[in-house]
Amino acid sequence: MRPVLVFTYHHVSPRRGDKFSVTPETFEAHLRALAQKGYEPLFIRDAAKLIRGEAPGPGRAVVITLDDGYLDNYLFAFPVLKRLNMKATIFAVTSWVDAATGGFGMRTRRDAPVTHDEAKRLIKEGRAED
């Protein structure tokens, strides 16, 4: 069995003061440090094959996950991943996607990313679109 590091994030947002968030600058610093140390990011499916010995992989493998699929993953993490040519796996909570779209398409508030705690509160209040 091959070891694989896993880095798990929830929110990547310029908004500070939340234990589940990192700023885009910190996220980028983490990814750059991993690349400088020779780690190659894999999608979770490829890491599973590597761990089971079903497929070859890099000498130093890392999996980057973004849990829950918050909008800030797309707004702030994705541009960093794209710029650095890195891979990540997003674990979206499908019931939240449905609640957020209201069946009519995603509504976004690009100007006001919320903290993890605020997002949980809004979802609990039935205001997932916010």
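The text that follows walks through the structure, step by step, so that each part is easy to find.

Criteria and cut-off values
Every residue gets a number counted from 1 within its own chain, in the order that chain's sequence is written. Given that the model is predicted, a residue must reach a pLDDT of at least 70 before its local features are reported, and side-chain atom pairs must reach 80 or more before they are shown or counted; all residues, however, enter totals for whole chains, interfaces and linings. Side-chain figures throughout are based on the complete set of non-hydrogen atoms in the structure, without hydrogens or water. A run of H or I in DSSP becomes a helix once it reaches four residues, and a run of E becomes a strand once it reaches two; helices and strands are each numbered from the N terminus. Between buried and exposed lies partly exposed: a residue is buried under 20% and exposed over 50% of the maximum accessible area for its type, with that area taken using a 1.4 Å probe on protein chains only. Only heavy atoms matter for contacts: two residues are in contact if any of them lie within 4.5 Å across the pair. Only buried Ala, Val, Leu, Ile, Met, Phe, Trp, Tyr and Cys residues count toward a nonpolar core, and they belong to the same one when joined by side-chain atoms within 4.5 Å. Working definition: a ring pair exists when centres of Phe, Tyr or Trp rings (six-membered ring for Trp) sit within 6.5 Å. Plane angles under 30 degrees give stacked, over 60 give edge-to-face, the rest tilted. Under the convention used throughout, the expected extent of a helix is 1.5 Å for every residue step, that is, one less than its residue count. To get the bend at any residue, fit one axis to the seven residues that end at it and another to the seven that begin at it, then take the angle between the two axes.

## So, the side chain of Ser21
So, step 1. Relative to the helices and strands, Ser21 is located in strand S3 (residues 21–22).
So, step 2. Given a relative accessible area of 17%, Ser21 falls into the buried group.
So, step 3. Excluding residues within four positions of it along the chain, Ser21 makes contact with His11 and Arg15.

## Brief notes about the nonpolar core
So, step 1. Within the largest apolar cluster, 15 residues are counted, with the highest numbers of intra-cluster contacts made by Val12, Phe27, Leu31, Ile64, Leu66 and Leu81.
So, step 2. Of all the secondary-structure elements, those providing two or more residues to this core are helix H1 (24–36), strand S5 (61–68) and helix H3 (71–83).
So, step 3. Examining the composition of this core, we find that 5 residues originate from one element, H3, more than from any other.
So, step 4. Within the second largest apolar cluster, 6 residues are counted, among which are Val4, Leu42, Ala47 and Ala61.

## Considerations on the packing of aromatic side chains
So, step 1. Applying the stated criterion across every chain, the model contains 2 aromatic pairs.
So, step 2. For the ring pair Tyr9 and Phe27, a centre distance of 4.9 Å and an interplane angle of 90° mean the geometry is edge-to-face. A residue pair is termed long-range when its members are at least 10 positions apart, and Tyr9 in strand S1 (residues 5–9) and Phe27 in helix H1 qualify at 18 residues.
So, step 3. Where Tyr74 meets Phe78, the ring centres are 5.7 Å apart and the plane angle is 15°; that geometry is what we call stacked.

## Considering H3
So, step 1. Here H3 is 13 residues long and its end C-alpha atoms lie 18 Å apart, about the 18 Å a rise of 1.5 Å per residue gives.
So, step 2. At Ala77, H3 shows its maximal bend, which comes to roughly 45°, and the proline Pro79 appears one to four places after that position.
So, step 3. Listed in full, the buried residues belonging to H3 are Asp72, Asn73, Leu75, Phe76, Ala77, Val80 and Leu81.
So, step 4. In this structure, the buried residues of H3 make contact with strand S2 (11–12), H1, S5 and strand S6 (89–92).
So, step 5. Asn85 sits one or two residues past H3 and shows a positive phi near 55°.

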